[in-house]
Amino acid sequence: MVMNRKEILKGISDEADRLAAAKAMDRLELAVKTYTPQFTDFMDPYKAHSIKDMLSGGDCEIIVYGGYADSERVKIGFFPEFTVPDEKDFEIVPVEISYKRQFSRELTHRDFLGSILGLGITREKTGDIIVEESRAIAFTDSDIADYIVINLERVGHTKVNVKITENFVPKTREAAEKRFTVPSLRLDAVLGGALNISRGRTAEYIKGEKVFINWKKEISVSHTVKEGDMITLRGMGRVKINEIIGNTKKDRILLSVLVYR
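Once a new chain begins, its residue numbering starts again from 1 and follows that chain's sequence as written. Reporting in this predicted model follows two pLDDT cut-offs: at least 70 for local features of residues, and 80 or more for side-chain atom pairs to be given and counted; totals over whole chains, interfaces and linings ignore these cut-offs and use all residues. Excluding hydrogens and water, the side-chain figures rest on all heavy atoms present in the structure.

(A) Focus on the packing of aromatic side chains. Only rings of Phe, Tyr and Trp enter the pairing, Trp through its six-membered ring, and a pair is recorded when the two centres are within 6.5 Å. The plane angle decides the type: under 30 degrees is stacked, over 60 is edge-to-face, the rest tilted. Going through the model one piece at a time under the given rule, you end up with eight aromatic pairs. Seen from their ring centres, Phe79 and Phe90 are 6.0 Å apart, and the 50° between their planes marks the pair as tilted. Placement of Phe79 in strand E3 (residues 75-80) and of Phe90 in the loop between E3 and strand E4 (92-98) is noted, with a sequence separation of 11 residues between them. For the residue pair Phe79 and Phe90, the accessibility class agrees, reading buried in each case. Through successive ring pairs, a cluster of aromatic residues spans Phe39, Tyr65, Phe79 and Phe90. Above the plane of the ring of Phe42 lies Lys75, whose end atom (NZ or CZ) is 5.2 Å from the centre. Remark: a charge is flagged as sitting over a ring if the NZ atom of Lys or the CZ atom of Arg is within 6 Å of the ring centre and within 35 degrees of the ring normal. Here the basic side chain of Lys178 rests over the ring of Phe180, its NZ or CZ set 5.6 Å away from the ring centre. Numbering of helices and strands starts at the N terminus; helices are DSSP runs of H or I of at least 4 residues and strands are runs of E of at least 2. Burial here depends on accessible area, computed with a 1.4 Å probe over protein chains only, as a share of the maximum for the residue type. Under 20% is buried, over 50% is exposed, and the range in between is partly exposed.

Quick look at the structure:
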């Protein structure tokens, strides 16, 4: 595969995104050269899928995966000719961090992440952290999993037990179908209707950079949504535009959405 690195990178304005794309191209070139699968660090899905789209069509099959379906942080895998893509090749290891609830306040995602990063581990080496009752499951690179097990003794002031766990399957995120009408397909109208939030409050969330469409931040309240869009309101849930059914007699738009809490 012949890539014009300069042309690809020139089209990326954000410095962090440009660096991530450059590192991904390095992985792709190494995969083609050595005929062995190669992988990036963890990143958000929007960045990963953007890079995948830029680099697709060559000598490698490109897969995005983060340890389980619907991961919010993922890696890009490059599988060259004569290799069979397998999610196990990503070498993502779930680490269980448990504690006794009766001796501690309830620990949050921020508590677990902060303690892991406090070991000197960078965010790029850690994927999702799923917080459950009395424990969290942190998806990490295999090369740092043992280091976390050995060195992580406390989360905040709470003593924890840490081990590598196998075959962890997160609970399936439940979705409820909802049908309602909106005057237009503006983001503020659709998101507000789906989550029962006033358009004014919804606009505040959007302008406050808490809303993402297909994992890309969106700050325009008038952005037009479409079928298949996944809208995330950080901390409150997700909405997938399931179907734009049609117009009512009063010329409002009837929507079917899936609401994930």
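(B) View of the environment of Ile213. Turning to its location among the elements, Ile213 is positioned in strand E11 (residues 211-213). For Ile213, a relative accessible area of 8% corresponds to the buried category. Distance in space between the C-alpha atoms of Ile213 and Ile231 is 4.5 Å, their sequence separation being 18 residues. Contacts between residues were defined by any pair of non-hydrogen atoms, one from each residue, lying within 4.5 Å. When sequence neighbours within four positions are dropped, the list of residues in contact with Ile213 reads Leu187, Glu218, His223, Val225, Asp229, Met230 and Ile231.

(C) Just the pattern of salt bridges, in detail. Criterion for a salt bridge: a side-chain nitrogen of Lys or Arg within 4 Å of a carboxyl oxygen of Asp or Glu. Evaluation of the coordinates by the stated rule reveals 15 salt bridges. The residue Asp17 makes a salt bridge to Lys47 at a minimum N-O spacing of 3.3 Å. One end of the pair, Asp17, is in helix H2 (residues 15-34); the other, Lys47, is in helix H3 (residues 45-55), with 30 residues separating them in the sequence. For the salt bridge of Asp188 with Arg199, the shortest nitrogen-to-oxygen distance reads 3.3 Å. Of the two residues, Asp188 sits in helix H6 (residues 187-195) while Arg199 sits in helix H7 (residues 199-207), which places them 11 residues apart along the sequence. Judged by its relative accessible area of 38%, Arg199 falls in the partly exposed class. One salt-bridge network, in which partners are shared between bridges, spans Asp41, Lys75, Lys125 and Asp141.

(D) Structural context of the pairing of strand E13 (residues 230-233). Covered by surrounding structure in E13 are Met230 and Thr232 together with Ile231 and Leu233, the residues of both alternating faces. Being paired, for any two strands, means DSSP has found at least two bridges between them. Note: E11 against E13, three bridges, orientation antiparallel. Residue Ile213 lies in a different strand from E13, and its bridge partner there is Ile231. Where E13 and strand E14 (residues 237-247) come together, four bridges link them in antiparallel fashion. Bridge pairing links Thr232 to Arg238 in E14. Linkage of E13 to E14, two consecutive antiparallel strands, is achieved through a turn of three residues, within which Gly235 is found at a positive phi near 85°.

(E) Representation of the sheet that holds strand E12 (residues 216-217). An order of E10-E15-E14-E13-E11-E12 is seen for the six strands of this open sheet, with the pairing classed as antiparallel. Among the strands making up the open sheet, the edge pair consists of strand E10 (175-182) and E12. Of the strand pairs in this sheet, E14 and strand E15 (residues 253-260) are connected by eight bridges, and their pairing is antiparallel. Pairing of Ile244 across the sheet is with Leu255, part of E15.

(F) Layout of H3. Buried residues of H3: Pro45, Ala48, Ile51 and Leu55, and no others. Buried residues in H3, looked at end-on, bunch into an arc of 130°, giving them a common side. Where H3 is buried, its residues contact helix H1 (5-10), H2, strand E2 (60-65) and E3. The N-capping residue of H3, defined by a side-chain oxygen 3.0 Å from the backbone nitrogen of Tyr46, is Asp44. Positive backbone phi, at 100°, marks Gly57, one or two positions downstream of H3. This arc describes the spread of directions from the helix axis toward the C-beta atoms. Definition of a polar contact: a pair of N or O atoms within 3.5 Å, with one able to donate and the other able to accept a hydrogen when the atoms are protein atoms, and with sequence-neighbouring residues admitted only if both atoms are side-chain atoms.

(G) Fine view of the sheet that holds E2. With antiparallel pairing, the three strands of this open sheet are ordered in space as E1-E3-E2. The open sheet terminates on both sides in strands that have one partner only, identified here as strand E1 (38-39) and E2. Two strands pair when backbone bridges link them, and E2 and E3 are joined in this way by six bridges, in the antiparallel orientation. Pairing of Tyr65 across the sheet is with Lys75, part of E3.

Structural measurements only, silent on function.
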